[in-house]
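Structural overview for review
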Amino acid sequence: MNATPFVHLHVHTEYSLVDSTVRIPSLMTKVAADGMPAVAMTDRNNLFGLVKFYRRAIASGVKPIIGADLRIANPDDPGRPSTLIVLCQDNHGYRNLCRILSRAYLEGRVRGEPMVHREWLDRASCEGLIALSGGVHGDVGHSLLLGHLDEARQRLSGWRDIFGDRYYLELARTGRGDEESAVQAGLVLASEERAPVVATNDVCFIDADDFYAHEARVCIHESRSLADPDRPRHYSNQQYLRSSAEMAELFSDVPEALANAIEIARRCNLDLKLGESVLPAIPVPDGQTE
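Since we're looking at a predicted model, the values are computed, not measured.

Looking only at helices and strands, the protein has nine helices and six strands in total. The C-alpha atoms of the protein give a radius of gyration of 19 Å, which matches the 19 Å a tight globule of 290 residues would have. Counting only C-alpha atoms and orienting by the principal axes, one finds that the protein spans roughly 70 × 40 × 40 Å. Buried residues in the protein amount to 49% of all 290 residues. Restricting to contacts in the protein with at least 6 residues of sequence separation, those with at least 24 account for 75%. Distance between charge centres in the protein, computed from 31 positive and 41 negative side chains, equals 2 Å.

Turning to its location among the elements, P78 is positioned in the loop between β2 (63–72) and β3 (82–88). Since its relative accessible area comes to 37%, P78 is described here as partly exposed. Note: C-alpha distance between P78 and R111 (33 residues apart in sequence) is 8.1 Å. Beyond its immediate chain neighbours, meaning those up to four positions away, P78 contacts V110 and R111.

Running from N to C, helix α5 (residues 149–163) and helix α6 (residues 179–193) point in directions that differ by 60 degrees, and their axes come no closer than 11 Å. The orientation of α5 with respect to α6, classified from their angle, is oblique. Handedness of the crossing formed by α5 with α6: right-handed. For the pair α5 and α6, the contacting residues are A152, R153, L156 and R160 in the first and L189, E192 and E193 in the second. Counted by class, the contact of α5 with α6 contains three nonpolar, no polar and four charged residues.

Bringing the sheet that holds strand β4 (residues 129–132) into the picture now. One open sheet accounts for six strands, arranged β1-β2-β3-β4-β5-β6; its pairing is mixed. In this open sheet, the two edge strands, each paired with only one partner strand, are β1 (38–44) and β6 (197–200). Sheet twist, expressed as the mean angle between neighbouring strand axes with direction ignored, is 35 degrees. Pairing geometry for strand β5 (residues 167–172) and β6, over four bridges, is parallel. What sits directly across from L169, in β6, is V197. Packing of α5 onto the sheet brings it into contact with β3, β4 and β5, and relative to β5 it is tilted by some 125 degrees.

The rules behind the values
- Residues numbered from 1 in each chain as written.
- Predicted model: local features only at pLDDT ≥ 70, side-chain atom pairs only at ≥ 80, totals over all residues.
- Heavy atoms only, no water.
- Helix = DSSP H or I, 4+ residues; strand = E, 2+ residues; numbered from the N terminus.
- Rg over C-alpha atoms; globule rule 2.2 N^0.38 Å.
- Buried < 20%, exposed > 50% of the residue type's maximum accessible area, 1.4 Å probe, protein only.
- Contact = heavy atoms within 4.5 Å.
- Lys, Arg positive; Asp, Glu negative; His and termini not counted.
- Charge placed at Lys NZ, Arg CZ, Asp CG, Glu CD.
- Axes fitted to C-alpha atoms, helices over the stretch in contact; angles between N-to-C directions.
- Parallel < 35°, antiparallel > 145°, perpendicular 65-115°, else oblique.
- Left-handed = near helix turned anticlockwise from the far one by under 90°.
- Nonpolar A, V, L, I, M, F, W, Y, C, P; charged D, E, K, R; others polar.
- Pairing = 2+ DSSP bridges.

Spelled out as structure tokens, the structure:
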């Protein structure tokens, strides 16, 4: 087992149909082989892979962390929602996440895509959930990149008012655009506001060599050609399931971000009862079972 295990808390599986080629059996095989004690599933606005993920993790001796990559509607720019990663701390948090996602599909569609609306998120609806800021794709990160420091502080304060010590500034280094600038600005903000930070790798495929297959999937979704020079490049070949050793080297200058990944995994303890029918209590005629 790796002497300094890491826990990936931002992982899209193949159930994030738009941007991931991660198959759950392969994920668990690699996580277990690396000695990682836990791994999260944070698919985009859904929990479709929950049962398969949970069962496979338990069978592999890995602690399953259930969460989602929430898309927060942006009324000022409907085409550019922000991201918030939420993880279930307990069963109450899981039920709250189910309610949030159900509401997104029933009430929150923007241009056909289910969205969470910011006003839905308050202390009660987010109880039992741990939140990661979403890095450059979160509203705090976006404000930092634009140099709007007061706005970033205000947004950070708003989230901490909801989540308290369950809100973490997410740091990722996958070689995309202004990511490192956001990391450095985030570290300054974290120091000034005494906010905790956590390292992730925004995982969308298992191995680095899977990047081109991943890009093909993205192109299919966007109805574009791989050879199209004008297509947007939202992903990098570094968004693979890095080993614990690779993550330790990548964030050697921010050890607390690595330690907090383990700490968050410890805080998440969801106990699901699978394989049991949950039926409403209704009268049954004599001689018949529910």
